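Residue-level structural notes
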Amino acid sequence: MAEQNDDILVLDKLGKTFRVGFWGKKVQAVRDVSLTLKRGESLGYLGPNGSGKTTSIKCILSLIQPTSGEIRLFGADPSDAAARARVGYLPEAPYFYDYLKPTEVLDYVGKLYGLDAATRKKRIPMLLDRLGLGHAMDRELRGFSKGMLQRVGIAQSLLSDPDLLIYDEPLSGLDPIGRKEVRELMAELRSEGKSLFFSSHVLTDIETLCDAVCILDRGAVVAQGRLADLLRMDKLESEALIELPADNADAAKALLTGLPGVEVREQVGAVLRLRLPTDVVPGLTAAVVEARATLRELSQRRESLEELFVQKAVHMSSDGQRATTPGGPA
Amino acid sequence: MNLTTTQEKLTLRIDGLAPALARITAVAGNTLREAGRNKLFFGLLGVTILMLVFSVLLSDLALADQKVRLVTDFGLAVIPLVCIGTAVLLGAVLLYKEIDRKTLYAILPKPIRRSEFLLGKFLGLSLLLLGQLAALAACWAGVLYLRGGAFSLALVQALALSYVEILLVTSAALFFSALSRPVLSGVLTMGVFMIGRITYVINDLMQATKGVFAEVPAMRVLGRVLVALVPDLSTFNIADELQAGVAIPPAYFLHATLYGLSWVGFFVVLSLLVFERRDLV
Ligand SMILES: Nc1ncnc2c1ncn2[C@@H]1O[C@H](COP(=O)(O)OP(=O)(O)OP(=O)(O)O)[C@@H](O)[C@H]1O
Ligand SMILES: [Mg+2]
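A short tour of the structure in this document, coming up. (Residues numbered from 1 in each chain as written. Chains lettered and ligands numbered in written order. Predicted model: local features only at pLDDT ≥ 70, side-chain atom pairs only at ≥ 80, totals over all residues. Heavy atoms only, no water.)

Two orientations exist for strands paired in a sheet by backbone hydrogen bonds: parallel and antiparallel. Residues and elements named next belong to chain A. The sheet built from six strands is open, its strands ordered β5-β6-β7-β3-β8-β9 with mixed pairing. At either margin of the open sheet sits one strand with a lone partner, and together these are β5 (87–90) and β9 (220–226). Pairs of neighbouring strands in the sheet enclose a mean axial angle of 10°, with direction left out of account. (Pairing = 2+ DSSP bridges. Helix = DSSP H or I, 4+ residues; strand = E, 2+ residues; numbered from the N terminus. Axes fitted to C-alpha atoms, helices over the stretch in contact; angles between N-to-C directions.)

Given below as structure tokens:
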């Protein structure tokens, strides 16, 4: 495996089209997704339900074949077992042989990685214990709760001490304490120098966990970049709450909204909520004085990822296809 | 606590034949283990053992010199059938279950080749069927002993050829299971088995001067295609020779075994080709 650089995962115009039904109707699940994950980086893969996250991840692990584009995993094709050996993967809503105990599942997985018996014996109880499954180590998975299965999934993903972790919805199915624990665990893994690639709807969770995000909608990338950059863009926006003078409302409004980049977000009676680029703020304050309006509130906006996500991804459910709001079902 | 024990780098053994064999064995072990919890499997095993015991009672009705023969014939007919039934039932869901229950998603991304996984599944099922055959044969031997018969080398040969037939059906099941869903793959496997058992009849009918296979051109073509595409399973059936007291020449035994294993190889290779690039969704 030649790795010339630190790009451990590269998607180049990845596309996947499924054919469904008798007539082979095309469903474009992923379109032209390009991204690069560098060693030690953590990338959040976001998107509402059905946006193609799981499909892309399955392509990365060679579970399905892309219909177009290319994937390089540690510089190799994902069908290369040696490249996959360096990945720890947590499937979406993981499921394991329910007649096995967690220790047995991990033992099986350990054998697939070619770990010797002594190493397996040492690492398996340690990992299960670390994931809070110490008490359930010798119970069959049958009857394990979703969250417990998720923990087994995380434990098995760490068994081989992989360089890259690919987690599909790592926080789903967990209770609030579980989410906090897993988030802390992922932060810890990140600080240990592991690279992370994980999908989520839970944006507030992701915000603290990743360096960069890639936001998908209907299979295509709608926003991508370092989190700091994406948010900085929005940091430069301000919001103003202005009360218009009763005698001169229309003229005042025209004056204010005539400023460059000003957008009316809301109007309740004589009160306007405006959104504007931060560098227009001096112009706005001058215009407020001129129009004899009252500036009630002025704030610098630092848009949360959640809003960015809603704004970018849910480009209007006008076609009625999207019943759920992203970030809603977690 | 450090999660990943970075103090000492773990050694993963992935490249080479030995690790590959270890992975195949791991998959086979798990397949065996899963089947070992299958109620259907044990139900079938139990019922067959009961039937073998029952054949003793039944043989009481037979004439004195026919008693042993009845038990022999019964075992020779029923034991392979039960094993083949098991092969069809378990083979049909062999891969489907793993996909349907999503257990495959956790396994295949590991550094295991799809071919290794498939071979492991096949090996596991083959070993299970060997165990089943051995268990039934042991009961059968016991019953024969009770009836004053002996378990001859010829019977061992007959069972060995049965096992080749069972493997053949299992490999067909593997192929259809890699290709399609359980019901269809079960039906197709049954089809191969049933047609395979009667291809020699079709062959004879085509040789005859009368009858549909001889006279209707379309049926002649169909007959040819069936005979060419479906293994002739009568090769593995030496019950007639056993009854006639004719010893099976080693050359025949060898020929039949090679014939069967070639078909097994054919089906396994086809399965690998199909499974290698299949989307697992
Ligand atoms: N096997 C398949 N056959 C046909 N269409 C599929 C298949 N798998 C996924 N799709 C379609 O591809 C699209 C993307 O699905 P995918 O599961 O990748 O979304 P996702 O982003 O993971 O969603 P979620 O957040 O709900 O997990 C959806 O429209 C889905 O219906
Ligand atoms: Mg998904």
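For the rest of this paragraph, the subject is unusual backbone geometry. Even without a glycine there, the phi angle at arginine 292 of chain A is positive, about 60°. Mapped onto the elements of the fold, arginine 292 of chain A is located in the loop between α10 (281–291) and β13 (294–301). The phi dihedral of lysine 102 of chain B falls on the positive side, at around 65°, and the residue is not glycine. Within the fold, lysine 102 of chain B resides in the loop between α4 (96–100) and α5 (103–107). When its relative accessible area of 29% is taken as the criterion, lysine 102 of chain B is described as partly exposed. (Buried < 20%, exposed > 50% of the residue type's maximum accessible area, 1.4 Å probe, protein only.)

Let us now look at the site of ligand 1. Ligand 1 sits among 15 residues. The nearest are Gly50, Lys53, Thr54, Thr55 and Glu92 of chain A. Nearby residues place ligand 1 at the junction of chains A and B. Within the backbone of serine 51 of chain A, an N or O atom sits 3.2 Å from an oxygen atom of ligand 1. For ligand 1, the protein covers 69% of the area, taking 640 Å² as the surface of the free molecule. When atoms are counted within 2 Å of each cavity's grid points, the one that captures over half of ligand 1 is the largest pocket. Of all elements in the fold, only β1 (7–20) and α1 (53–60) of chain A reach the threshold of two or more residues within the shell around ligand 1. Per-element tally for the shell around ligand 1: the top contributor is α1 of chain A, with three residues. Residues of the shell around ligand 1, tallied by class, amount to five nonpolar, seven polar and three charged. (Near = heavy atom within 4 Å. Polar contact = N/O pair within 3.5 Å; in protein donor to acceptor, adjacent residues only side chain to side chain. Areas by Shrake-Rupley, 256 points an atom, 1.4 Å probe, with all protein chains shown as cover. 1 Å grid on protein atoms, 1.4 Å probe; cavity = no way out; pocket = protein on both sides within 12 Å on 5 of 7 lines; lining within 4 Å. Sits in = over half its atoms within 2 Å of the grid points. Nonpolar A, V, L, I, M, F, W, Y, C, P; charged D, E, K, R; others polar.)

This part is about the packing of aromatic side chains. Within this structure, the stated rule accounts for 12 aromatic pairs over all chains. Taken together, a centroid distance of 4.9 Å and an interplanar angle of 85° make the contact between phenylalanine 22 of chain A and tryptophan 23 of chain A edge-to-face. Each member of the pair phenylalanine 22 of chain A and tryptophan 23 of chain A is classed as exposed. Aromatic pair tyrosine 97 of chain A and tyrosine 108 of chain A: ring centres 5.9 Å apart, planes at 50°, arrangement tilted. Highlighted residues: tyrosine 97 of chain A in the loop between β5 and α3 (102–112) and tyrosine 108 of chain A in helix α3, separated in sequence by 11 residues. A connected cluster of aromatic rings, assembled from ring pairs, spans Phe175, Phe176, Trp263, Phe266 and Phe267 of chain B. (Phe/Tyr/Trp six-rings, centres within 6.5 Å; stacked < 30°, edge-to-face > 60°.)

Next up on the list: the pattern of salt bridges. Within this structure, the stated rule accounts for 29 salt bridges over all chains. Of the charged contacts in the structure, one is a salt bridge between arginine 39 of chain A and aspartate 6 of chain A, with a shortest N-O distance of 3.3 Å. One end of the pair, arginine 39 of chain A, is in the loop between β2 (25–38) and β3 (42–46); the other, aspartate 6 of chain A, is in the segment before β1, and 33 residues separate them in sequence. Classification of arginine 39 of chain A as partly exposed rests on a relative accessible area of 36%. Accessibility expressed as a relative area gives 42% for aspartate 6 of chain A, which makes it partly exposed. Its salt-bridge partner being arginine 130 of chain A, residue glutamate 188 of chain A comes within 2.5 Å of it at the nearest N-O pair. Of the two residues, glutamate 188 of chain A is situated in helix α6 (residues 176–191) and arginine 130 of chain A in helix α4 (residues 117–130); the sequence distance between them amounts to 58 residues. We classify glutamate 188 of chain A as partly exposed; its relative accessible area is 22%. Here the salt bridges do not stand alone but share partners, grouping Asp98, Glu140 and Arg142 of chain A together with Arg37 of chain B into one network. (Salt bridge = Lys/Arg side-chain N within 4 Å of Asp/Glu carboxyl O.)

Examined against the element boundaries, leucine 130 of chain B turns out to sit in helix α6 (residues 114–146). Between the C-alpha atom of leucine 130 of chain B and that of leucine 167 of chain B, which follows or precedes it by 37 residues, the distance is 9.2 Å.

All names here are of chain A. The magnesium ion (ligand 2) binds to the protein through Thr54 (OG1) and Glu92 (OE); the donor distances cover 1.9 to 2.5 Å. One end of the pair, threonine 54, is in helix α1; the other, glutamate 92, is in the loop between β5 and α3, with 38 residues separating them in the sequence. Since its relative accessible area comes to 34%, glutamate 92 is described here as partly exposed. (Donors = N, O, S within 2.8 Å, 3.2 Å for Na, K, Ca; no water.)

Residue and element names in this part refer to chain A. Sheet topology note: the β1/β2 ladder contains 10 bridges and is antiparallel. Its bridge partner lying in β2, phenylalanine 18 is registered against valine 27. In terms of strand pairing, β1 meets strand β4 (residues 68–73) through five bridges, oriented antiparallel. Bridge pairing in β4 links glycine 15 to serine 68.

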